[in-house]
Amino acid sequence: MPYMGGKSKVAPFVWSLLGNPENYVAPLFGSGAVLLARPHAHRWWEKTESVNDADGFISNLWRAIQADPEAVARWADWPVDECSLHARHAWLV
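Residues numbered from 1 in each chain as written. Predicted model: local features only at pLDDT ≥ 70, side-chain atom pairs only at ≥ 80, totals over all residues. Heavy atoms only, no water.

Colleague: Teacher, can you tell me more about the overall build of the protein chain here?
Modeller: Assigned secondary structure in the protein chain consists of 5 helices and 2 strands. Sequence-ordered secondary structure for the protein chain, helices as α and strands as β, is α-β-α-β-α-α-α. For 93 residues, the compact-globule formula gives about 12 Å, and the C-alpha radius of gyration of the protein chain, at 17 Å, lies well above that figure. Across the 93 residues in the protein chain, those meeting the buried criterion constitute 19%. Accessible surface for the protein chain amounts to roughly 7,500 Å². Of this, 64% is attributable to carbon and sulfur atoms. Here the protein chain carries 8 positive and 10 negative side-chain charges, and the mean point of each set is 6 Å from the other. (Helix = DSSP H or I, 4+ residues; strand = E, 2+ residues; numbered from the N terminus. Rg over C-alpha atoms; globule rule 2.2 N^0.38 Å. Buried < 20%, exposed > 50% of the residue type's maximum accessible area, 1.4 Å probe, protein only. Areas by Shrake-Rupley, 256 points an atom, 1.4 Å probe, with all protein chains shown as cover. Lys, Arg positive; Asp, Glu negative; His and termini not counted. Charge placed at Lys NZ, Arg CZ, Asp CG, Glu CD.)

Here it is in structure tokens:
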């Protein structure tokens, strides 16, 4: 997922420096590119992973995906955007 400030391109480098830490904290989670690129298996009883972001909606998104991915997909199927809104309005009028 493209994201302003995304770290997907540097994720392999980050993990090469971190290795397989006992505790991973993502201070600027965003799209979660670094955590999702973790090359080691995550075992919740052995490792702790914490995600944080200044935008609380990002945390809520990931929580919603975990709780009910089908519902999130259904709601995200046709997200509202300005161009589509004007195009639909023009067609209706």
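Continuing now.
Colleague: Teacher, can you tell me more about a nonpolar patch on the surface here?
Modeller: A cluster of nonpolar side chains, namely Val10, Phe13 and Leu17, defines an oily patch on the protein surface of about 320 Å² accessible area. Position of leucine 17 relative to the elements: it lies in helix H1 (residues 11-18). In this structure leucine 17 comes out as exposed when scored by relative accessible area, which is 62%. (Patch = residues over 30% accessible without salt bridge, like charges linked within 9 Å, V, L, I, M, F, W, Y side chains within 5 Å. Salt bridge = Lys/Arg side-chain N within 4 Å of Asp/Glu carboxyl O.)

Colleague: How do you make sense of the environment of aspartate 55 when you look at a structure like this?
Modeller: As for its position among the elements, aspartate 55 is in the loop between strand S2 (48-51) and helix H3 (56-67). A residue is classified by how much of its surface remains accessible, and aspartate 55, at 33% relative accessible area, is partly exposed. Each C-alpha atom of the pair aspartate 55 and phenylalanine 29 lies 9.3 Å from the other, and the pair is 26 residues apart in sequence. Engagement of the side chain of aspartate 55 in a polar contact is seen with the backbone nitrogen of phenylalanine 57, the distance being 2.9 Å. (Polar contact = N/O pair within 3.5 Å; in protein donor to acceptor, adjacent residues only side chain to side chain.)

Colleague: Please clarify how the nonpolar core should be interpreted in this entry.
Modeller: Of all hydrophobic cores here, the largest spans 8 residues; its members are Ala11, Trp15, Tyr24, Ala26, Phe29, Val34, Leu35 and Ile58. Counting only elements with at least two residues in this core, the list comes to H1, strand S1 (23-26) and helix H2 (33-36). Look past the residues within four positions of alanine 11 in its chain and what remains in contact with it is Ala33, Val34 and Ala37. (Core = buried A, V, L, I, M, F, W, Y, C linked by side-chain atoms within 4.5 Å. Contact = heavy atoms within 4.5 Å.)

Colleague: Where do I start with the pairing of S1 in this structure?
Modeller: Looking down a regular strand, the side chains alternate between one sheet face and the other. Of the two faces of S1, only one is covered, namely that formed by Tyr24 and Ala26; the face formed by Asn23 and Val25 stays uncovered. Sheet topology places S1 next to S2; 4 bridges connect them, and they run parallel. Note that in S2 the partner of alanine 26 across the bridge is valine 51. (Pairing = 2+ DSSP bridges.)

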